[in-house]
Amino acid sequence: MKKEMLLEVSNLKTHFFTDDGVVKAVDGVSFEIHKGETLGVVGESGCGKSITAQSVMQLLPYPKGRVVEGSILYHQGENVIDIAALKPASRGMRRLRGNEISMVFQEPMTSLNPVHTIGRQIMEVVIEHQNLDKKRAKERAVEMLSHVGISAPAQRVDEYPHQLSGGMRQRAVIAMGLACDPNLLIADEPTTALDVTVEAQILELMNKLQDDLGMAIMFITHDLGVIGEMADRVVVMYSGKVVEYAETDKIFYEAHHPYTQGLLKSRPAIGRHQRLVPVTGTVPNPLYLPKGCYFAPRCPHAMDICRETEPAMFAVGEKHWAKCWLHAEKGEGTA
Amino acid sequence: MSQNNILLQVEDLKVHFPIRKGFLRRTVGYVKAVDGVSFFIREGETLGLVGESGCGKTTVGRSIVRLVDPTAGQVKYNRNEHMDNILDYERPAMKEVRKEIQIIFQDPYSSLDPRMPIRDIITQPLDIHQVGTRKERTQRAKELMERVGLSAYHMNRYPHQFSGGQRQRLGIARALTLNPKLIVCDEPVSALDVSVQAQVLNMLEDLQDEFGLTYLFVAHDLSVVEHISDRIMVMYLGKIVEIAPAATIYLTPGHPYTEALLGSIPSGDPRSGRKRRPLGGTVPDPSNPPVGCNFNTRCPYATDLCRSEEPELKLLPGSDEQYAACHYAENLNLRSFYGEPQSS
Ligand SMILES: Nc1ncnc2c1ncn2[C@@H]1O[C@H](COP(=O)(O)OP(=O)(O)OP(=O)(O)O)[C@@H](O)[C@H]1O
Ligand SMILES: Nc1ncnc2c1ncn2[C@@H]1O[C@H](COP(=O)(O)OP(=O)(O)OP(=O)(O)O)[C@@H](O)[C@H]1O
Ligand code: SF4
Ligand SMILES: [Mg+2]
Ligand SMILES: [Mg+2]
């Protein structure tokens, strides 16, 4: 089955121009998302996951942070739109945001207004994007709340965010994000702030909604366990760069990049009573990045070339790339 | 392990926080944060404590170091073979005991005074207890910094000049200054990235071996707790629902809530074929807990008995270490972490 392309990010560079210098938050990131699939984006704090998502949504704190290079191609049927070339406040971008692409954040209160009812907030979204009258919009809000598993939706629709539990708030935000039937849902750590039992409910819900509605999901998390369950393919990021890119199964069983391998070994797993093997050291300061491979100072396999020259993304298998000199003999890839 | 002395014994601990309302701040009810909790910790062991947000984990930990005043119950600590209730201690005696019982907090950002250079942060407990000369204290700070993997060269820096993982190491160094016996670790790795989390977990294990430390290890991440603990205690809504050895609990859970927690963990292995089994519903209001078993509103096995009578925490037959508070603990065929029922 040939998969239809939805989003093509190529050589994306998003930099922050701060008083202390330029922070290359996202620095040459490329990946693809096909219709209906889930792409996982994983990496430690500060590696650029959220800024990648915010670049796609054009929600960067402009002018401090901006896309300085690369393209973000959104496929709208025959039409291809380069998001990177759109102005954040332009009509074209506003239409994409909400109608075609929507976003769910880690902290549900980022997306909710505490002084308005849940229902009103969902209604605002559908009224703006779908041209419904008030009555129909309210029906749609109730329908969406019931869709995300909120019980007594006709009553909840008139409640305020503080009247809901953390898990219910996140459901409401997902309902808001899905109210316009988007083709792509960007979920930035949607369960990180939640308890494991609530996380399980939300992940289950997202899987079900994806089956029902067929949207693609860009799922951002630092939790490899969640990635293993949710993603079809995975992008592993380190210091603003993609270091490995492959199908989920390959990331877990045939990881090629020493950083991916290190992440997997750092993780405690139920029933495996071995001493953990952590990646030593910490991520570099984004203002003082090391020469060569950014991972070299922490890498157990680092060679002379690693400390001098940045490796390319080398193809290491079918649809599998790793940015590491250990795999140079396989030839440069195109990811 | 089981022949080791009991170091800490908590009996029927209750912490009820008043809910005040209105102009006169009248008490209109109580949040039963901890409601009749009993357990013990043996010398040199790690007892894990898990449960959902708000179930009372931190309140249990803080009661042990007396950062909150319990409403009722006893916290007995073994001093020279005497189990004394330290809740009865007056200040001077408590100060002595506090040398032996330390706490590490979840948030390495807010638990360190931002205006203090880290030498002072680490030596502060020595200052308070007037141990050693200033020179000796500085020497001790140096040793400790190196022991937790930080360069003593940075002793004059301030907390904001360190990363989250380094700050957590500082918190650990400070807790070690007075050679404690028991450390309450309240979510010490929850705010850390996996690679740094693994570094800190290994370090806590090494320190335990080296100094014979005893840990009460609080976390909401079951895989972390299962990794580090000898025994695990599961709390729900202010009560203990199960206590069992770590190796037992994920294979043969004794309480439906433990089963649900295990079923919620993402497998993290795309080939395992394991399916998540989410629990329905939400945690009830802790100021108005359900009658009977407090899990009955979410429990798939609940009967009328569960809705009227509260189950006691009791030893399960065929085990000398697994306790569960469920009327049907002996009859239910609960699923393991892997999803299979246990009788086979
Ligand atoms: N407003 C800003 N000004 C300057 N630098 C910023 C700003 N926002 C983010 N950054 C920097 O950009 C880099 C990437 O940040 P980003 O938020 O994308 O990380 P992340 O992978 O989402 O991390 P986390 O897991 O902590 O959410 C970091 O080094 C961060 O410090
Ligand atoms: N000082 C206080 N005053 C009033 N209520 C409190 C106080 N401290 C805690 N509580 C309440 O007691 C209950 C238990 O809180 P506690 O902090 O012990 O939970 P926890 O299990 O540590 O949760 P978390 O996983 O979120 O840290 C909660 O309902 C909380 O709101
Ligand atoms: S390029 Fe070198 S330093 Fe970087 S990950 Fe590969 S082996 Fe390690
Ligand atoms: Mg982020
Ligand atoms: Mg807590």
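Note that the structure is predicted; figures quoted are calculated from it, not measured. Residues take numbers from 1 onward in each chain, read along the sequence in its written order. For this description, chains carry letters from A and ligands carry numbers from 1, given in the order in which they are written. Local features in this predicted model are restricted to residues whose pLDDT is 70 or higher, and side-chain atom pairs enter the listing and the counts only when it is 80 or higher, whereas totals over whole chains, interfaces and linings include all residues. Side-chain descriptors were evaluated using all non-hydrogen atoms of the structure, hydrogens and water having been removed beforehand.

A. How the structure looks around helix H5 (residues 164-176) of chain B. Residue and element names in this part refer to chain B. Comment: elements are numbered from the N terminus, with helices defined as DSSP H or I runs of at least four residues and strands as E runs of at least two. Helices are assigned an expected span. That span is 1.5 Å times one less than the residue count. Compared with the 18 Å implied by 1.5 Å per residue over 13 residues, the 19 Å span of H5 between its first and last C-alpha is a close match. Exposure classes here rest on a 1.4 Å probe applied to the protein chains alone. A residue is buried below 20% of its type maximum, exposed above 50%, and partly exposed in between. Burial of H5 is extensive: 12 of the 13 residues sit out of reach of the surface. Taken together, the buried residues of H5 touch strand S6 (101-104), helix H3 (118-128), helix H4 (134-147), strand S7 (182-186) and helix H6 (194-211). For this analysis, residues touch if any pair of their heavy atoms sits within 4.5 Å.

B. Local environment of the packing of helix H6 (residues 166-178) of chain A against helix H7 (residues 196-213) of chain A. All names here are of chain A. In this description, a line fitted to the C-alpha atoms serves as the axis of each element, helices being fitted only across the stretch in contact, and the angle between N-to-C directions of two axes falls anywhere from 0 to 180 degrees. Running from amino to carboxyl end, H6 crosses H7 at an angle of 20 degrees, the nearest separation of the two axes being 10 Å. The angle between the axes of H6 and H7 places the two elements in the roughly parallel class. Read as a crossing pair, H6 and H7 show a hand that is right-handed. Between H6 and H7, the contacting residues are Gly167, Gln170, Arg171, Ile174 and Leu178 on the first element and Val198, Gln201, Ile202, Leu205, Met206, Leu209 and Leu213 on the second. Our angle categories are set so that under 35 degrees counts as roughly parallel, over 145 as roughly antiparallel, 65 to 115 as roughly perpendicular, and the remainder as oblique. By the definition used in this description, the sense in which the near helix is turned from the far one sets the handedness, with an anticlockwise turn below a right angle giving left-handed and a clockwise turn giving right-handed.

C. Expanded view of the pairing of S7(B). Residue and element names in this part refer to chain B. Among the 5 residues that make up S7, 5 are buried, leaving the element largely enclosed by the rest of the structure. Examined bridge by bridge, S7 and strand S8 (residues 214-218) share 5 bridges and lie parallel to one another. Paired with Asp186 across the two strands is Val218, which belongs to S8. We call a crossover right-handed when, viewed with both strands directed away from the observer, the connection leading from the first strand over the helix to the second proceeds clockwise. Between the parallel pair S7 and S8, the chain is carried across by H6, and the sense of this crossover is right-handed. Here, a strand pair is defined by DSSP locating no fewer than two bridges between the strands.

D. Fine view of the interface of chain A and chain B. The interface is formed by 41 residues belonging to chain A together with 39 residues belonging to chain B. Carbon and sulfur atoms supply 54% of the area buried between chain A and chain B, which totals about 3,500 Å² over both sides. Every case where a carboxyl oxygen of Asp or Glu lies within 4 Å of a side-chain nitrogen of Lys or Arg is listed as a salt bridge. The interface formed by chain A and chain B contains 5 salt bridges. Measuring nitrogen to oxygen at the nearest pair gives 3.8 Å for the salt bridge that ties Glu205(B) to Arg275(A). Within 3.5 Å is the distance limit for a polar contact, defined as a pair of N or O atoms, with the added protein rule that one can donate a hydrogen and the other accept it, and that residues adjacent in sequence qualify only through two side-chain atoms. Summed over the shared surface of chain A and chain B, the result is 17 residue pairs in polar contact (both at pLDDT 80 or more). Secondary-structure elements contributing two or more residues to the side of chain A that touches chain B are H7, helix H8 (224-230), helix H9 (248-253) and helix H10 (258-266) of chain A. Grouping the amino acids of the side of chain A that touches chain B by side-chain chemistry returns 16 nonpolar, 15 polar and 10 charged. Note: buried area is the sum, over both parts, of the accessible area (probe 1.4 Å) each one loses when the two are combined. The nonpolar class holds Ala, Val, Leu, Ile, Met, Phe, Trp, Tyr, Cys and Pro. Asp, Glu, Lys and Arg form the charged class, and all remaining residues, Gly among them, are polar.

E. Just the domain arrangement of chain B, in detail. Residues and elements named next belong to chain B. Domain extents, as shown, originate in an automatic or database domain assignment. According to the domain assignment, chain B contains domain 1 (6-100 + 182-324) and domain 2 (113-177). For domain 1 and domain 2, the distance between their C-alpha centres works out to 29 Å. The interface of domain 1 with domain 2 comprises 14 residues on the first partner and 10 residues on the second. Taking both partners together, domain 1 and domain 2 bury about 1,100 Å²; carbon and sulfur atoms supply 71% of that area. Of all residues in domain 1, Lys95, Met203 and Leu207 give up the largest surface area on contact with domain 2, accounting jointly for 37% of the area buried on that side. Linking domain 1 with domain 2 are 1 salt bridge. Sorting the residues of the side of domain 1 that touches domain 2 by element identifies helix H2 (91-100) and H6 as the ones contributing at least two each. Looking at the side of domain 1 that touches domain 2 element by element, the count peaks at 8 residues for H6. Taken together, the residues of the side of domain 1 that touches domain 2 break down into 9 nonpolar, 1 polar and 4 charged.

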